[in-house]
Amino acid sequence: MTPIALRYQLGPDEYLAQQQAVIGDASRRALRTVWKDTLLFVGACAFGFLAAFQANNRILMVVLGTAGLARLLTPWDHKIKLQAQIAAHAEKSVRRRDISLRIDDEGLHEEVEGVRSFAPWPTVKSFRKLGHILLIRLAGELWVVIPEVAFLGAGAPSQTEFIALLQSHGVANETA
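Being a predicted model, the structure only gives us computed values, none of them experimental.

## Some details on the overall build of the protein chain
Within the protein chain one finds four helices and eight strands. In the protein chain, the succession of helices and strands from N to C terminus is β-α-α-α-β-β-β-β-β-β-α-β. Since a compact globule built from 176 residues should have a radius of gyration of about 16 Å, the 24 Å found for the protein chain marks it as more spread out than a globular shape. Taken along its principal axes, the extent of the C-alpha atoms in the protein chain is 80 × 35 × 25 Å. Of all 176 residues assigned to the protein chain, the portion counted as buried reaches 34%. Restricting to contacts in the protein chain with at least 6 residues of sequence separation, those with at least 24 account for 59%. Just so you have it, the protein chain exposes about 10800 Å², and 60% of that area is on carbon and sulfur atoms. The protein chain carries 19 positive and 17 negative side-chain charges, and their two centres are separated by 10 Å.

## Things to note about the sheet that holds strand β6 (residues 133-138)
Strand order in the open sheet formed by four strands is β7-β6-β5-β8, and the pairing between neighbours is mixed. Two strands close off the open sheet at either side, each with one partner strand: β7 (142-147) and β8 (172-173). Contacting β5 (124-130), β6, β7 and β8, helix α4 (residues 159-168) crosses the sheet at an angle of about 15° to β6.

## Thoughts on the pairing of β5
Two strands pair when backbone bridges link them, and β5 and β6 are joined in this way by six bridges, in the antiparallel orientation. Counterpart to Lys129 in the pairing with β6 is Leu134. Between the antiparallel neighbours β5 and β6 lie two residues, among them Gly131 with a positive phi of about 60°. Sheet analysis places β5 next to β8, joined by two bridges and oriented parallel. Paired with Phe127 across the strands is Asn173, a residue of β8.

## Regarding the nonpolar core
Membership of the largest hydrophobic core comes to 30 residues, with the highest contact counts inside it found for Tyr8, Leu108, Ile136, Ile146 and Phe162. Taken together, the elements giving at least two residues each to this core come down to β1 (4-10), α1 (12-54), β2 (97-103), β5, β6, β7 and α4. Here Tyr8 is in contact with Arg97, Asp98, Ile99, Leu101, Glu110, Val144, Val145, Ile146, Pro147 and Ala150, once residues within four sequence places are set aside.

## Some remarks on the packing of aromatic side chains
Throughout the structure, instances matching the rule amount to one aromatic pair. Considering the side-chain rings of Phe151 and Phe162, the 5.3 Å spacing of their centres and the 55° angle between planes classify their relative orientation as tilted. On the criterion of sequence distance, the pair formed by Phe151 in the loop between β7 and α4 and Phe162 in helix α4 is long-range, its members being 11 residues apart. Across from the ring centre of Phe41, 5.2 Å away, lies the NZ or CZ of Arg71, which sits over that ring.

## Let's talk about the side chain of Arg128
Mapped onto the elements of the fold, Arg128 is located in strand β5. Its relative accessible area of 11% is what places Arg128 among the buried residues. A distance of 2.6 Å separates polar atoms of two side chains, one belonging to Arg128 and the other to Glu174.

## Side note on a nonpolar patch on the surface
Judged by side-chain polarity, Phe49, Leu50 and Phe53 come together as a nonpolar surface patch covering roughly 300 Å² of accessible area. Here Phe49 is to be found in helix α1.

## Brief notes about the confidence of the model for the protein chain
In the predicted model, the protein chain carries a mean pLDDT of 85, and the fraction of residues at 70 or more is 93%. The lowest-confidence element of the protein chain is helix α3 (residues 74-93), averaging 73 in pLDDT; the highest-confidence one is strand β4 (residues 115-120), averaging 95.

Reading guide: rules and limits
- Residues numbered from 1 in each chain as written.
- Predicted model: local features only at pLDDT ≥ 70, side-chain atom pairs only at ≥ 80, totals over all residues.
- Heavy atoms only, no water.
- Helix = DSSP H or I, 4+ residues; strand = E, 2+ residues; numbered from the N terminus.
- Rg over C-alpha atoms; globule rule 2.2 N^0.38 Å.
- Buried < 20%, exposed > 50% of the residue type's maximum accessible area, 1.4 Å probe, protein only.
- Contact = heavy atoms within 4.5 Å.
- Areas by Shrake-Rupley, 256 points an atom, 1.4 Å probe, with all protein chains shown as cover.
- Lys, Arg positive; Asp, Glu negative; His and termini not counted.
- Charge placed at Lys NZ, Arg CZ, Asp CG, Glu CD.
- Pairing = 2+ DSSP bridges.
- Axes fitted to C-alpha atoms, helices over the stretch in contact; angles between N-to-C directions.
- Core = buried A, V, L, I, M, F, W, Y, C linked by side-chain atoms within 4.5 Å.
- Phe/Tyr/Trp six-rings, centres within 6.5 Å; stacked < 30°, edge-to-face > 60°.
- Lys NZ or Arg CZ within 6 Å of the ring centre and 35° of its normal.
- Polar contact = N/O pair within 3.5 Å; in protein donor to acceptor, adjacent residues only side chain to side chain.
- Patch = residues over 30% accessible without salt bridge, like charges linked within 9 Å, V, L, I, M, F, W, Y side chains within 5 Å.
- Salt bridge = Lys/Arg side-chain N within 4 Å of Asp/Glu carboxyl O.
- pLDDT = per-residue confidence, 0-100.

Put into structure tokens, the structure is as follows:
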């Protein structure tokens, strides 16, 4: 195999997309727990509301009804706050940096600001196309992030050719 070399930059936009993908997976599990707790609380409020209705206690009906409806908004509020925190961190803390990625028979060789890392093919677990980036998941929940523009440079393979290369090494498509 002829080694493939890609050079590109990553910045806040790519960081944000990566974090939403990574946290999105964990967030879905957390959100299920939030929904379960929410439905339990709302059920208790509904039961109390019916008891208050039978007792003709309008104040308690208003309090329990309001509490139950307010709690129904919690899961959406949780997701919105999490996305806002990620976006604020990306905008404030993440700066653009140059990435050099070389792919050969041994695996993936990445260099970021003078730090070199290597991932042999068995540690390359899967990939996922997400908007304008390609995410490659490595062992240990590490990621290689490649923006679409990396495939537009002279001598660079097309994204389709690159994905075919990943698949030829047994790397699974997470969206398939």
